[in-house]
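Notes for the structure review
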Amino acid sequence: MAAQAMEGVAVTALRSVMGRVQQAAERVGRDPGLVRVVAVSKTKPISLIRQLYDAGHRCFGENYVQELLDKSPQLPDDIEWHYIGHLQTNKVKSLLATVPHLSMVEGVDSQKLANHLDRAVSAIGRKPLEVLLQVNTSGETSKSGVEPLACVELAKHVKSECPNLEFRGLMTIGMPDYSSTPENFKTLSNCLDAVCKALGIAEEQFELSMGMSGDYELAIEMGSTNVRIGSTIFGPREYPKKQG
Ligand SMILES: *Cc1c(COP(=O)(O)O)cnc(C)c1O
């Protein structure tokens, strides 16, 4: 009973988030249909993910490889899994082998990681993997991501050297405790601007992944196309053990 009651709460929370996403988009005259909500299910049980799936949600995000490897085989194949945040190169092979339908990697932050992903995708012979490049917009050394000035070079590398990857845009994690400031979001959108100019591509086709539980409405008002929302949907997280 208790578990069921909790699951109901997550579905209600997701609906409320969807409503707020729509309102935020409409406030600035954007099409709400162009904002994806990634339900970040890290540390949360399969049963809760299943509940949101049954309510019609398909896009979920995880940021520990082992957890995604455990969960994805137990859940339907039409889930669009996003791997979010820093990814270690030595985990790339098992990630692609176990989750061959992985939808997107949000957090490519080096040429080395791009090359590993490119080879792993090629090895399993699937369609190109969509990737977002992670940019460190807050200047904190604890955060992964390339410096804003380096994102053009990394985007060029992915476009020209990684035929099995599809460059889809940029992502950032803002200030500590996940309450990004507008400056971080502005920086990310300036970066996309620079990348699109350098590569001669149209900005509208690309994604800005920014905004989490504490700041997704602001992020959408500033142009986010992809918000990553964990605790507001699933409740606060507990970290029982070291993971990776
Ligand atoms: C955990 C996580 C989120 C979700 O954070 P909430 O504040 O719980 O919404 C978003 N992005 C990344 C990269 C994360 O690791």
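All values derive from a computational prediction rather than experimental measurement. (Residues numbered from 1 in each chain as written. Predicted model: local features only at pLDDT ≥ 70, side-chain atom pairs only at ≥ 80, totals over all residues. Heavy atoms only, no water.)

For the protein chain, the helix and strand inventory stands at nine helices and eight strands. For 244 residues, the compact-globule formula gives about 18 Å, and the C-alpha radius of gyration of the protein chain, at 17 Å, lands near that figure. For the protein chain, the spread of C-alpha atoms along the principal axes amounts to about 55 × 45 × 30 Å. Sorting the 244 residues of the protein chain into buried and exposed places 50% on the buried side. A separation threshold of at least 6 residues defines the contact pool for the protein chain, and within that pool the share at least 24 residues apart is 62%. (Helix = DSSP H or I, 4+ residues; strand = E, 2+ residues; numbered from the N terminus. Rg over C-alpha atoms; globule rule 2.2 N^0.38 Å. Buried < 20%, exposed > 50% of the residue type's maximum accessible area, 1.4 Å probe, protein only. Contact = heavy atoms within 4.5 Å.)

What follows covers the packing of helix α6 (residues 151-161) against helix α7 (residues 182-199). Two elements in contact, α6 and α7, have axes separated by 9 Å at closest approach and are oriented at 50°. Between α6 and α7, the interaxial angle falls into the category oblique. Where α6 crosses over α7, the handedness of that crossing is right-handed. In this structure, α6 contributes Cys-151, Val-152, Ala-155, Lys-156 and Lys-159 to the contact, and α7 contributes Cys-191, Ala-194, Val-195, Ala-198 and Leu-199. Classifying every residue of the contact of α6 with α7 gives eight nonpolar, no polar and two charged. (Axes fitted to C-alpha atoms, helices over the stretch in contact; angles between N-to-C directions. Parallel < 35°, antiparallel > 145°, perpendicular 65-115°, else oblique. Left-handed = near helix turned anticlockwise from the far one by under 90°. Nonpolar A, V, L, I, M, F, W, Y, C, P; charged D, E, K, R; others polar.)

Before going further, it helps to examine the pattern of salt bridges. This model, assessed by the stated rule, comprises 11 salt bridges. A salt bridge links Arg-20 to Glu-217, with the nearest nitrogen and oxygen atoms 3.3 Å apart. Of this pair, Arg-20 sits in helix α1 (residues 2-27) while Glu-217 sits in helix α8 (residues 216-221); the two residues are 197 residues apart in sequence, bridging distant segments of the chain. Note on Arg-20: relative accessible area 39%, which makes it partly exposed. The residue Lys-197 makes a salt bridge to Asp-193 at a minimum N-O spacing of 3.1 Å. (Salt bridge = Lys/Arg side-chain N within 4 Å of Asp/Glu carboxyl O.)

Glancing now at the packing of aromatic side chains. This model, assessed by the stated rule, comprises two aromatic pairs. An angle of 50° between the planes, with centres 6.1 Å apart, marks the rings of Phe-60 and Trp-81 as tilted. A residue pair is termed long-range when its members are at least 10 positions apart, and Phe-60 in strand β2 (residues 59-62) and Trp-81 in strand β3 (residues 80-84) qualify at 21 residues. The pair formed by Phe-60 and Trp-81 is uniform in burial state, with each residue classed as buried. Lying over the aromatic face of Tyr-53, Arg-58 brings its terminal NZ or CZ to 3.6 Å of the ring centre. (Phe/Tyr/Trp six-rings, centres within 6.5 Å; stacked < 30°, edge-to-face > 60°. Lys NZ or Arg CZ within 6 Å of the ring centre and 35° of its normal.)

On to the nonpolar core. Judged by nonpolar contacts, the single largest core of 66 residues is most densely connected at Leu-102 and Leu-117. No other element matches α1, which puts seven residues into this core. Formed by five residues, the second largest nonpolar core is a distinct cluster that contains Met-104, Leu-132, Met-171 and Met-212. (Core = buried A, V, L, I, M, F, W, Y, C linked by side-chain atoms within 4.5 Å.)

Moving on: α6. Those residues of α6 that fall on the buried side of the exposure criterion are Cys-151, Val-152, Leu-154, Ala-155, His-157 and Val-158. Elements that come into contact with the buried residues of α6 comprise β4 (104-108), α5 (111-124), β5 (129-134), β6 (165-171) and α7.

Looking at where Asp-109 falls in the secondary structure, it is placed in the loop between β4 and α5. Within the structure, the side chain of Asp-109 is placed 3.0 Å from the side chain of His-86, a separation counted as a polar contact. (Polar contact = N/O pair within 3.5 Å; in protein donor to acceptor, adjacent residues only side chain to side chain.)

Between α5 and α6, the shortest axis-to-axis distance is 10 Å and the interhelical angle comes to 20°. Taken together, the axes of α5 and α6 lie roughly parallel to each other. Helix-helix and strand crossings are classified by hand; for α5 and α6 the assignment is right-handed. Counted together, Gln-111, Ala-114, Asn-115 and Asp-118 of α5 and Glu-153, Leu-154, His-157, Val-158 and Glu-161 of α6 form the full contact between these two elements. Taken together, the residues that form the contact of α5 with α6 break down as three nonpolar, three polar and three charged.

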